[in-house]
Amino acid sequence: SLDWGYTDDNGPSTWAEKYPLAAGARQSPVDIDTSKATSDNSLVDREIDWSYPSNCSYRIVNTGYGWRVDTYGDDTALSGGPLSEVYKLEQFHCHWGATNDEGSEHTVDGKSYAAELHLVHWNSEKYSSFKEAASQPDGLAVLGVFMEIGNADNAELEKIISLIPKIIHKGQDSQASFDLDFGSLLPESKHYWTYLGSLTTPPCNECVIWTVFKEPITISERQLEVFRSLKSVGEEDAIEPEEGKLVKNYRPPLPLGNRVLRECGP
Ligand SMILES: C[C@@H](CNC(=O)c1ccc(S(N)(=O)=O)cc1)Cn1ccc2ccccc21
Ligand SMILES: [Zn+2]
């Protein structure tokens, strides 16, 4: 069985037993208590700037914890906002729940969204690899985008969803360089919250500068059901057809503690 996951016997409440960082004071996700967010002028008009060529996605893989699209970071760039250096896109992935009233990792005044997209970047100005950056306090920058249920399919997400039937089992991957317009995976408004946090999965390294956009994007119920059809076990694990389905893969919020939560944008 998996040494960590999202079931009762290996889920978030058990992670600290094997991954002590999970019990740290700078963990993610958090509940974004909008009354605590400070809009001090430290970020005034320091908008987040991103640049992703549409052909940077080259592979989608079933990690056993969800799907992940691996990207060529060379021509990508994330800067501005809370970031002091330029970060490169390493991968993006998603978290969701068993029902539509849960699924996001961050929450806003206690409200969960149906899913949350994470675009994972690393500080290639200061560090020489993603792995090195993932053990540094300013090593990674993750953009969080809330996803709410809409009537229409999200056309850009459909390019990813159409590949999921090829990676149903853990470890399967599909080398597909698909053209993605990242503009449609990010909200129109650049209004965001930012705080210092961690990876939301083991080893839960406290290496992430988080930027969570306020405005959600939409995904259809059908598209979300496709996410839930992924399996956390390999093809060789002979189990019942309904078993091992990844119906949820989100970590509930951890205390913000004495961390500063900053807000920026119109
Ligand atoms: C980064 C880990 C692998 N995990 C991730 O890359 C990752 C990225 C983003 C998120 S999220 N959901 O927060 O956006 C979660 C996990 C590798 N790794 C494993 C052991 C280990 C030890 C030191 C450094 C790296 C290490
Ligand atoms: Zn994530």
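Right above here is the structure, for reference.
If you're wondering where the values come from, they're calculated on a predicted model, not measured in any experiment.

Participant: Please give an account of the pairing of strand β6 (residues 87–96) that cites residues and values.
Facilitator: Burial analysis of β6 places eight of its 10 residues in the buried class, the great majority of the element. In terms of strand pairing, β6 meets strand β8 (residues 115–123) through nine bridges, oriented antiparallel. In the sheet register, H93 faces β8, and the bridge partner there is H118.

Participant: Can you explain the site of ligand 1? Please cite residues and give values.
Facilitator: Not every one of the 16 residues close to ligand 1 is listed here, only the nearest: H93, H95, F130, T200 and T201. One nitrogen or oxygen atom from the side chain of H95 is found 3.2 Å from a nitrogen atom belonging to ligand 1. Between H118 and ligand 1, the recorded distance is 3.4 Å, taken from a side-chain N or O atom to a nitrogen atom. For ligand 1, the accessible surface in isolation is 580 Å², of which the surrounding protein chains cover 74%. Ranked by residues supplied to the shell around ligand 1, first place goes to β6 with three residues.

Participant: Describe the pairing of strand β4 (residues 67–71), naming the residues involved and giving the relevant values.
Facilitator: Counting buried residues along β4, four of its five residues qualify, which places the element largely inside the surrounding structure. Following strand β3 (residues 57–62), the chain reverses through four residues before pairing antiparallel with β4; G64 in that reversal takes a positive phi of roughly 95°. When β4 meets β6, the two strands line up antiparallel, connected through three bridges. Paired with R68 across the bridge in β6 is H93.

Participant: Before we move on, could you go through unusual backbone geometry and cite the residues and values that matter?
Facilitator: Looking along the chain, the bond that leaves S28 and enters P29 is cis, with omega of 0°. Residue placement: P29 occurs in the loop between α1 (15–18) and β1 (31–32). Following P202, the chain continues into P203 via a peptide bond in cis, with omega recorded as 10°. Summarising the element assignment, P203 is placed in the loop between β11 (192–197) and β12 (208–213). Phi angles above zero are rare outside glycine, and D109 is one such case at about 50°.

Analysis parameters
Residues numbered from 1 in each chain as written. Chains lettered and ligands numbered in written order. Predicted model: local features only at pLDDT ≥ 70, side-chain atom pairs only at ≥ 80, totals over all residues. Heavy atoms only, no water. Buried < 20%, exposed > 50% of the residue type's maximum accessible area, 1.4 Å probe, protein only. Helix = DSSP H or I, 4+ residues; strand = E, 2+ residues; numbered from the N terminus. Pairing = 2+ DSSP bridges. Near = heavy atom within 4 Å. Polar contact = N/O pair within 3.5 Å; in protein donor to acceptor, adjacent residues only side chain to side chain. Areas by Shrake-Rupley, 256 points an atom, 1.4 Å probe, with all protein chains shown as cover.

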